[in-house]
Amino acid sequence: MAPVFPPDFAALEPFADWAVPTEKARYAKRIASTMDELDAFYAAAFPLLANGTAYLQQVSMEDISEEDKHLLWAFCALVTIAFPVEAWRQPKVPDTGAASIDAVVEPAV
């Protein structure tokens, strides 16, 4: 099986299913995940965030590779799960019932 992420980020390979291109899909994955799954992804991805940010700042968006796109999307997913992991300790926003939010425009990557 071909790697999903650049070699320096191989620790994220078990979490390749978090590298999804849209906010709506990332949110749906968060809501469908258990806290154990969110915690495991967070524990693997958060320590790589600073190096990942530095790495991605050097990547040209005009000719971004699939591996680099997946890395970018994985870090977008990290943002999506950070507050539920750090503050709420549940995938859903507390006390919101059936409320939801939909992105109208997505980044072009």
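Higher on the page you've got the structure.
None of the values given here were measured: they were computed from a predicted structure.

Asks: I tried to follow the pattern of salt bridges on my own but got confused; where do I start?
Replies: Oppositely charged side chains are able to pair whenever their charged atoms sit close together. Counted by the stated rule, this structure contains three salt bridges. Its salt-bridge partner being lysine 29, residue aspartate 17 comes within 3.0 Å of it at the nearest N-O pair. Taken together, the positions of aspartate 17 in the segment before α1 (23–32) and lysine 29 in helix α1 put the pair twelve residues apart, joining distant regions of the chain.

Asks: Would you mind showing me how to read unusual backbone geometry here?
Replies: Of all residues except glycine, most have a negative phi; of all peptide bonds, most are trans. In this structure, arginine 89 takes a positive phi of about 60° despite not being glycine. Following the sequence through the fold, arginine 89 ends up in the segment after α4 (66–88). The partly exposed category is assigned to arginine 89, whose relative accessible area is 44%.

Asks: Is there a simple way to explain the packing of aromatic side chains in this structure?
Replies: By convention here, two paired aromatic rings are described through the distance between centres and the angle between planes. Across all of its chains, the model carries six aromatic pairs by this definition. Taking the centre distance of 6.5 Å and the plane angle of 85° together, the rings of phenylalanine 9 and phenylalanine 75 count as edge-to-face. You can see phenylalanine 9 sitting in the segment before α1 and its partner phenylalanine 75 sitting in helix α4, a full 66 residues away along the chain. Considering the side-chain rings of phenylalanine 15 and phenylalanine 41, the 5.8 Å spacing of their centres and the 50° angle between planes classify their relative orientation as tilted. Note that phenylalanine 15 is positioned in the segment before α1 and phenylalanine 41 in helix α2 (residues 35–45), a separation of 26 residues in sequence. The exposure class of phenylalanine 41 is buried, given its relative accessible area of 0%. One aromatic cluster in this structure is built from Phe9, Tyr55 and Phe75. Geometry around tryptophan 18 places lysine 29 over its ring, the cationic atom sitting 4.6 Å from the centre.

Asks: What is the right way to read α1 from this model?
Replies: Note: α-helices contain 3.6 residues per turn, so residues at a spacing of three or four share the same orientation. For α1, the set of buried residues is Arg26, Tyr27 and Arg30. Down the axis of α1, the buried set is contained in an arc of 100°. They therefore lie on one face. Residues of α1 that are exposed and point over 90 degrees away from its buried face: Lys24 and Ala32. Its buried side turned inward, α1 meets α2 and α4.

Asks: Could you clarify how one ought to interpret the nonpolar core in this entry?
Replies: In globular proteins that are soluble, nonpolar side chains generally tend to be buried together. The biggest cluster of nonpolar side chains holds 26 residues, and the ones touching the most others in it are Phe5, Leu12, Phe41 and Ile81. Going through the elements one at a time, α2 and α4 are the ones with two or more residues in this core. Here this core takes nine residues from α4, the largest share from any one element. Discounting residues that sit within four places of it in the chain, phenylalanine 41 has contacts with Phe15, Trp18, Ala74, Ala77, Leu78 and Ile81.

Conventions and cut-offs
- Residues numbered from 1 in each chain as written.
- Predicted model: local features only at pLDDT ≥ 70, side-chain atom pairs only at ≥ 80, totals over all residues.
- Heavy atoms only, no water.
- Salt bridge = Lys/Arg side-chain N within 4 Å of Asp/Glu carboxyl O.
- Helix = DSSP H or I, 4+ residues; strand = E, 2+ residues; numbered from the N terminus.
- Buried < 20%, exposed > 50% of the residue type's maximum accessible area, 1.4 Å probe, protein only.
- Phe/Tyr/Trp six-rings, centres within 6.5 Å; stacked < 30°, edge-to-face > 60°.
- Lys NZ or Arg CZ within 6 Å of the ring centre and 35° of its normal.
- Arc of directions from axis to C-beta.
- Contact = heavy atoms within 4.5 Å.
- Core = buried A, V, L, I, M, F, W, Y, C linked by side-chain atoms within 4.5 Å.

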